[in-house]
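# Architecture at a glance
Listed below are the residues making up each chain.
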Amino acid sequence: MLSATGPKDGVGWPTEGPPEVAFIGRSNVGKSTLLSSLMGRKGLVRISADPGRTRLINFFELTLFDDANVPHPIRLVDLPGYGYAKVSKEEKKTFRPIVQRFLEDRTALCAAVLLVDLRRGAEIEETELAHFMRDHGRRVVLVGTKADKLPKHERKPAAEKLAKQLEHRVLVVSGETGAGLPELWKRLLVAFAPTKP
Ligand code: GDP
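Computed from a prediction, not measured in an experiment: that's the story for all the values here. (Residues numbered from 1 in each chain as written. Predicted model: local features only at pLDDT ≥ 70, side-chain atom pairs only at ≥ 80, totals over all residues. Heavy atoms only, no water.)

### Considering the overall build of the protein
Secondary structure assignment for the protein yields 5 helices and 7 strands. Listing the helices and strands of the protein from first to last along the sequence gives β-β-α-β-β-α-β-α-β-α-β-α. Restricting to contacts in the protein with at least 6 residues of sequence separation, those with at least 24 account for 71%. By element, 53% of the accessible surface of the protein is carried by carbon and sulfur atoms, the whole surface being about 10,300 Å². (Helix = DSSP H or I, 4+ residues; strand = E, 2+ residues; numbered from the N terminus. Contact = heavy atoms within 4.5 Å. Areas by Shrake-Rupley, 256 points an atom, 1.4 Å probe, with all protein chains shown as cover.)

Here is the structure:
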């Protein structure tokens, strides 16, 4: 749909309309790969060679069709990644205000998907974000990414550890293999559900 630099300067956020779900996570967590896989469109979400450069909010508008073939527009929102060492100073000035403002103010936002690399677990940023989202009454979908990078027997313990760290249930996915994506779509549909007839 569009890439926004900020709500006021440059390219602004699109006018609120269809319900939105935002995706947020550390740079390199696999957000672009997951979004591309969710939409079934490889290459639609640009995968940056320099993760620190992604300072835009990307809006994707999709149409879902219900059982009666009635169309329902929705939006997936790709928030900027964080935690990239080289931009840590700039990040404080740009990432936080942009993301916090979006999570605080955006009325159309139904849920925020917080992505955490399953191998890495939650760190201070994820803990803060989870609290921030909860404090602002946001529905959180917690997703452990890159499951395929862990041996099978290590996936459940890693997910349990993450669930304990953030006191939230975890959905394990792989944008690469597509594992967990139908379940993630189900959770997103529940978040979008109030707009259904
Ligand atoms: P982003 O910075 O969060 O958007 O992360 P990307 O989607 O660009 O992924 C960062 C790197 O991890 C890329 O090299 C991807 O190919 C790789 N990657 C992303 N998701 C997965 C996954 O589910 N499994 C594996 N094995 N690699 C992944």
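### What about the site of the ligand?
Close contacts around the ligand come from 15 residues, with Asn28, Lys31, Ser32, Thr33 and Asp148 the closest. Between the ligand and Asn28, the relevant distance is 2.8 Å, taken from an oxygen atom to a main-chain nitrogen or oxygen of the residue. Ser32 is positioned with one of its side-chain polar atoms (N or O) 2.5 Å from an oxygen atom of the ligand. When the ligand is considered free in solution it has 580 Å² of accessible area, and contact with the protein chains removes 77% of it. (Near = heavy atom within 4 Å. Polar contact = N/O pair within 3.5 Å; in protein donor to acceptor, adjacent residues only side chain to side chain.)

### Comments concerning unusual backbone geometry
Its identity is not glycine, yet Asn28 carries a phi of approximately 80°, on the positive side. At Glu167, a position not held by glycine, the phi torsion is positive, near 50°. For Glu167, the location among the structural elements is in the loop between helix H4 (152-166) and strand E7 (170-172). Look at Glu167 and you get exposed, because its relative accessible area is 62%. (Buried < 20%, exposed > 50% of the residue type's maximum accessible area, 1.4 Å probe, protein only.)

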